[in-house]
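So you can see what is in the structure, the chains are spelled out below.
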Amino acid sequence: MAPSSNRGPGRGPSRSRRPARSRTGPSAAPTTAGEPALAPARPARFTTRAIILLAVVLLLVASYVTSLNAWWQQRQEIQSTKAQIATTKADIARLEDDEARWEDPAYVEQQARARFGWVMPGEVGYRVIGADGEVQGEVAELDEAPDETPDSWQARLWASVEQADEPPQDVKQDAPVPPDPDKVLKKKS
């Protein structure tokens, strides 16, 4: 039979114990009676490798922040442009509806009656005038007041200078130009 050991089942071979290290520090006793113990050198808090790693991380964060800022601004611009497009589409639909209304003769007639107080031939229009002499009810008003001041001579002169550059309305641009009489006479001789 094998000699009995104090090891239990599943335990590995026993390890030899290392001698305990002597503690050096403020609470450690001096090794000899007259020599004080040397304090251990503290490790540097930031090594060169840690500083470089921190710088790289900060550089990456800065580049991602600027990219994120640009993305956010572009997103805001896209949203405002989409809102502007939606507003413009609504305005276009409203204007197309107005255009379709003005093509209807009944609408034109109704607007002429409402805005200008016009009546059809054979009809009689009535206005109620109050005791103070003011017209009661809706008074037809023009959108813009007509220009009652006659043009000054300077304005007429400048308008003629501006109009001189434009071709006359009754002459067509593609009309053939008659031949120059001087050139015709030179060819014959």
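What you are looking at is a predicted structure, and each value in this text was computed from that prediction instead of being measured.

Thresholds applied
- Every chain is numbered on its own, with residues counted from 1 as its sequence reads.
- Where totals are concerned, whole chains, interfaces and linings use all residues; where local detail is concerned, this predicted model gives features only for residues with pLDDT of at least 70, and gives and counts side-chain atom pairs only at 80 or more.
- Excluded from the side-chain calculation are hydrogens and water; included are all heavy atoms of the structure.
- Helix and strand definitions follow DSSP, with helices as H or I runs of at least four residues and strands as E runs of at least two, each counted in order from the N terminus.
- Here's how the labels work: a residue is buried when its accessible area is under 20% of the maximum for its type, exposed when over 50%, partly exposed in between, all with a 1.4 Å probe on protein chains only.
- Throughout, a residue-residue contact means that at least one pair of heavy atoms, one from each residue, lies within 4.5 Å.
- Areas reported as accessible are Shrake-Rupley estimates using a 1.4 Å probe. Residue values count occlusion only from the protein chains shown.
- A score from 0 to 100, pLDDT tells how confident the predictor is in each residue.
- In what follows, salt bridge is the name for a side-chain nitrogen of Lys or Arg lying within 4 Å of a carboxyl oxygen of Asp or Glu.
- Within this analysis, patches are made of residues with over 30% relative accessible area and no salt bridge. Like charges are joined at 9 Å or less; nonpolar side chains (Val, Leu, Ile, Met, Phe, Trp, Tyr) at 5 Å or less.
- Paired rings are identified among Phe, Tyr and Trp, the last through its six-membered ring, by centres lying within 6.5 Å, and are further divided according to the angle between planes into stacked (under 30 degrees), edge-to-face (over 60) and tilted (the rest).
- In this analysis, the expected span of each helix is defined as 1.5 Å times one less than the number of residues it contains.
- When we speak of the arc, we mean the arc of directions from the helix axis to the C-beta atoms.
- Under the rule applied, a polar contact is a pair of N or O atoms within 3.5 Å (in protein, one hydrogen donor and one hydrogen acceptor; residues adjacent in sequence only if both atoms are side-chain atoms).

1. Here's the deal with the overall build of the protein chain
Right, so step 1: Per the secondary structure count, the protein chain includes 4 helices and 0 strands.
Right, so step 2: Scanning the protein chain from its N terminus toward the C terminus, one meets helices and strands in the order α-α-α-α.
Right, so step 3: Looking at the protein chain residue by residue over its 189 residues, the buried ones come to 3%.
Right, so step 4: Looking at the protein chain alone, contacts between residues at least 24 apart form 17% of all its contacts between residues at least 6 apart.
Right, so step 5: Only carbon and sulfur atoms are counted for the fraction: they give 58% of the accessible area of the protein chain, which is about 19000 Å².

2. Description of the confidence of the model for the protein chain
Right, so step 1: When pLDDT is averaged across the protein chain, the result is 77; 63% of the residues are at 70 or more.
Right, so step 2: Least confident of the elements in the protein chain is helix α4 (residues 181-188), whose mean pLDDT is 67; most confident is helix α1 (residues 48-102), at 94.

3. Considering the pattern of salt bridges
Right, so step 1: Taken as a whole and judged by the stated rule, the model has 5 salt bridges.
Right, so step 2: For Arg101, the salt bridge goes to Asp97, with nearest N and O atoms at 3.2 Å. Of this pair, Arg101 and Asp97 both sit in helix α1, separated by 4 residues, roughly a single helical turn.
Right, so step 3: In this structure Arg101 comes out as partly exposed when scored by relative accessible area, which is 39%.
Right, so step 4: Two residues, Glu109 and Arg113, come together in a salt bridge whose shortest N-O distance is 3.3 Å.

4. Some remarks on a nonpolar patch on the surface
Right, so step 1: Taken together, the side chains of Ile52, Val56, Leu60 and Tyr64 make up a nonpolar region of the molecular surface, amounting to roughly 420 Å² of accessible area.
Right, so step 2: Looking at the element boundaries, Val56 is found in helix α1.

5. Examining the packing of aromatic side chains
Right, so step 1: For the structure shown, the criterion picks out 3 aromatic pairs.
Right, so step 2: An angle of 55° between the planes, with centres 6.2 Å apart, marks the rings of Trp71 and Trp72 as tilted.
Right, so step 3: The exposure class assigned to Trp71 is partly exposed, which follows from its relative accessible area of 46%.
Right, so step 4: Taking relative accessible area as the criterion, Trp72 reaches 43% and is therefore assigned partly exposed.
Right, so step 5: For the pair Trp102 and Tyr107, a centre-to-centre distance of 5.1 Å together with 80° between the ring planes defines the contact as edge-to-face.

6. Regarding the side chain of Gln111
Right, so step 1: Here Gln111 is to be found in helix α2 (residues 105-116).
Right, so step 2: Among the residues examined, Gln111 registers a relative accessible area of 13% and is labelled buried.
Right, so step 3: Among residues more than four places away in sequence, those in contact with Gln111 are Trp102 and Phe116.

7. Overview of α2
Right, so step 1: Between its first and last C-alpha atoms α2 spans 16 Å; for 12 residues at 1.5 Å apiece the expected length is 16 Å, and the two agree.
Right, so step 2: The complete set of buried residues in α2 reads Tyr107, Gln111 and Ala112. Seen end-on, α2 carries its buried residues on one side only, within an arc spanning 140°.
Right, so step 3: Residues of α2 that are buried in the fold lie against α1.

8. Quick notes on the environment of Gln154
Right, so step 1: By the element assignment, Gln154 lies in helix α3 (residues 153-164).
Right, so step 2: Looking at Gln154, its side chain comes within polar contact range of the side chain of Ser152, at 3.2 Å.

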